[in-house]
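Inside the fold
What follows is the residue order along each chain.
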Amino acid sequence: MNLKKAALACSIALATTTLAFGAQAADKKILLKTPVAFGTHLPALGTPIQWYAERITQTSGGTIKMKIYEPGKLVSPAEILDAVSTGKVNSGYSTAGYWQGKLPASALFSAVPFGPEAGEYMAWLFFGNGLKLYQEMYDQGGYNVKVVPCAIISPETSGWFRKPIEKPEDLKGLNMRFFGLGASVMEKLGVGTVQLPGGEIFGALEKGAIDASEFSQPAIDERLGFHKVAKYNYFPGWHQQSTVFELLINKDTWKQMSPAQQSAVETTCMATMTYSIAEGEALQYSAMEKAKENGVEIRYWNDEMLNLFRTTWMEVVDEKTAQDPYFDKVWQDLSQFRKGYALWQANGFLPRATIDQNQ
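What comes next is a walk through the structure. Everything numeric in this text was worked out from a predicted model, so none of it was measured.

1. Structural notes on unusual backbone geometry
Note that the residue after Phe235, namely Pro236, is joined by a cis bond; omega there is -5°. Locating Pro236 in the fold gives a position in the loop between strand 9 (232-235) and strand 10 (243-250). Backbone geometry at Ala44 places phi at a positive 70°, although glycine is not the residue there. Mapped onto the secondary structure, Ala44 falls in the loop between strand 1 (30-35) and helix 2 (47-59). In the Ramachandran plot, Phe114 falls in the positive-phi region, its phi being about 55° despite a non-glycine side chain. Residue position: Phe114 is located in the loop between strand 3 (91-94) and helix 4 (118-127).

Here it is as structure tokens:
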């Protein structure tokens, strides 16, 4: 390369760098005040948003910072969507299933009974129509929010019970804390359900206000002490094979962000999804071993009960698709995606029994 070409290349590189720094310097400084639905001390449930907050400043070149408010400190978990939409706060972290009383389809973007596991769920969101339908739901509902999937965890436990549940009759008359679409299944089976925040469940179990509860994964349930008041922990988590968590950003704030800032928000959320699924997967087996040491019986639902949950779930689907056109739209799209994915799933993965034989 002669001196003239070298000087030209150097000038171009310098100009590009100057433009990049100039764009970054011109970006408006933004503080995301973020109430969260889950305490940041809870592994895989609350820790991902803390991890996100520690990194968004770096990935945005110092132009975005996040201040987290623990549950109830600024707004209650149940108020996060409305608070972000109205501008009371400019962002919030939750899971969409909390809004199903206002937006019935929202539960399909949170956790689906017998639904997709984490890999399939993310495939639908990012490479199917999931994310488009997710945003469309909030737009049609009149909510002034930008939604960004920002964490995902693998299966939860199916519930903590004081006594064994061997047959359908054992469920009738129980009062149980239950989340999302699974609660509709349990209600059809004679269970009275209530959706308590995590911090209130132990007290309700201890005082007998509820007879049983599901909440989250073993490592999270351990932190909340459920093993002290209920000794039968059931699996698999048919009602939540995976759960998606969302970062909601007020649209006015979102529009104030430069393309580089918006990209930093979205890309850091995708990284946080990796963090959350990895952390969750790493912690569960040791928590289950500890539960057994504490006298907990880990039980797997028998075929009769699992078949009952599945057939009852399909009854719930029929009801909800008939009641809400947008629920039907999302359900049909997800179902179509899953039909295609089933070919890959059936052929690409080893059967559980084969894996067990090699351990």
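2. Here we look at helix 12 (residues 325-348)
The end-to-end C-alpha distance of helix 12, which contains 24 residues, comes to 34 Å, matching closely the 34 Å that a straight helix rising 1.5 Å per residue would cover. Within helix 12, the axis deviates most sharply at Tyr341, by approximately 35°. Along helix 12, the residues that are buried comprise Tyr326, Phe327, Val330, Trp331, Leu334, Ser335 and Tyr341. On its buried face, helix 12 is in contact with helix 4, helix 5 (130-140), helix 6 (180-188) and helix 11 (303-323). With a side-chain oxygen positioned 3.2 Å from the backbone nitrogen of Tyr326, the residue opening helix 12 is Asp324.

3. Here's the deal with the pairing of strand 2 (residues 64-69)
Consecutive residues of a regular strand have side chains that alternate between opposite faces of the sheet. Where strand 1 lies against strand 2, six bridges are found, and the strand directions are parallel. Counted as the bridge partner of Leu31 is Lys65 from strand 2. Taking the sense of rotation as the criterion, the β-α-β connection linking strand 1, helix 2 and strand 2 turns out right-handed.

4. Overview of the environment of Gln336
Considering the arrangement of structural elements, one finds Gln336 in helix 12. Spatially, the C-alpha atom of Gln336 lies 22 Å from that of Ile152, the residues being 184 residues apart in sequence.

5. Focus on the sheet that holds strand 9
Spatially, six strands are ordered 7-6-8-5-9-11 in an open sheet, and the strand pairing comes out mixed. Either end of the sheet is taken by a strand with one partner, and the two such strands are strand 7 (192-194) and strand 11 (297-300). As paired elements, strand 5 (residues 159-161) and strand 9 share three bridges and run antiparallel to each other. Following the sheet pairing, Trp160 is matched in strand 9 by Asn233.

6. Looking at the sheet that holds strand 3
Read across the sheet, three strands follow the order 3-10-4 without closing on themselves; strand pairing throughout is antiparallel. Both edges of this open sheet fall to strand 3 and strand 4 (145-153), since each of them pairs with a single strand only. When the angles between neighbouring strand axes are averaged without regard to direction, this sheet yields 20°. Each of strand 4 and strand 10 is contacted by helix 5, which is oriented at about 135° to strand 4, the strand it contacts most. Docked against the sheet, helix 10 (residues 259-293) engages strand 4 and strand 10, running at close to 20° with respect to strand 4.

7. Quick notes on the side chain of Thr34
One can find Thr34 in strand 1. Of note is the side chain of Thr34, whose polar atom sits 3.2 Å from the backbone oxygen of Leu32. For Thr34, the contacting residues outside a window of four places in its chain are Met66, Lys67, Ile68, Tyr69, Ser91, Gly92, Tyr93 and Leu247.

8. What to know about the packing of helix 4 against helix 5
Where helix 4 contacts helix 5, the axes come no closer than 4 Å and their chain directions differ by 70°. One finds that helix 4 runs roughly perpendicular with respect to helix 5. Listed contacts from helix 5 to Trp124, Leu125 and Phe126 of helix 4 are Gly130, Leu131, Leu133 and Tyr134. By residue class, the composition of the contact of helix 4 with helix 5 is six nonpolar, one polar and no charged.

9. Observations regarding the pattern of salt bridges
Inspection of every chain in the model, using the stated rule, returns 14 salt bridges. With a closest N to O distance of 3.1 Å, Asp170 and Lys167 form a salt bridge. For Asp170, a relative accessible area of 15% corresponds to the buried category. Lys167 sits in the partly exposed class, given a relative accessible area of 39%.

Parameters and conventions
- Residues numbered from 1 in each chain as written.
- Predicted model: local features only at pLDDT ≥ 70, side-chain atom pairs only at ≥ 80, totals over all residues.
- Heavy atoms only, no water.
- Helix = DSSP H or I, 4+ residues; strand = E, 2+ residues; numbered from the N terminus.
- Expected span 1.5 Å × (residues − 1).
- Bend = angle between axes of the 7 residues up to and from the residue.
- Buried < 20%, exposed > 50% of the residue type's maximum accessible area, 1.4 Å probe, protein only.
- Contact = heavy atoms within 4.5 Å.
- Polar contact = N/O pair within 3.5 Å; in protein donor to acceptor, adjacent residues only side chain to side chain.
- Pairing = 2+ DSSP bridges.
- Right-handed = clockwise from strand over helix to strand, strands pointing away.
- Axes fitted to C-alpha atoms, helices over the stretch in contact; angles between N-to-C directions.
- Parallel < 35°, antiparallel > 145°, perpendicular 65-115°, else oblique.
- Nonpolar A, V, L, I, M, F, W, Y, C, P; charged D, E, K, R; others polar.
- Salt bridge = Lys/Arg side-chain N within 4 Å of Asp/Glu carboxyl O.

No statement about biological role is implied by the geometric values presented.
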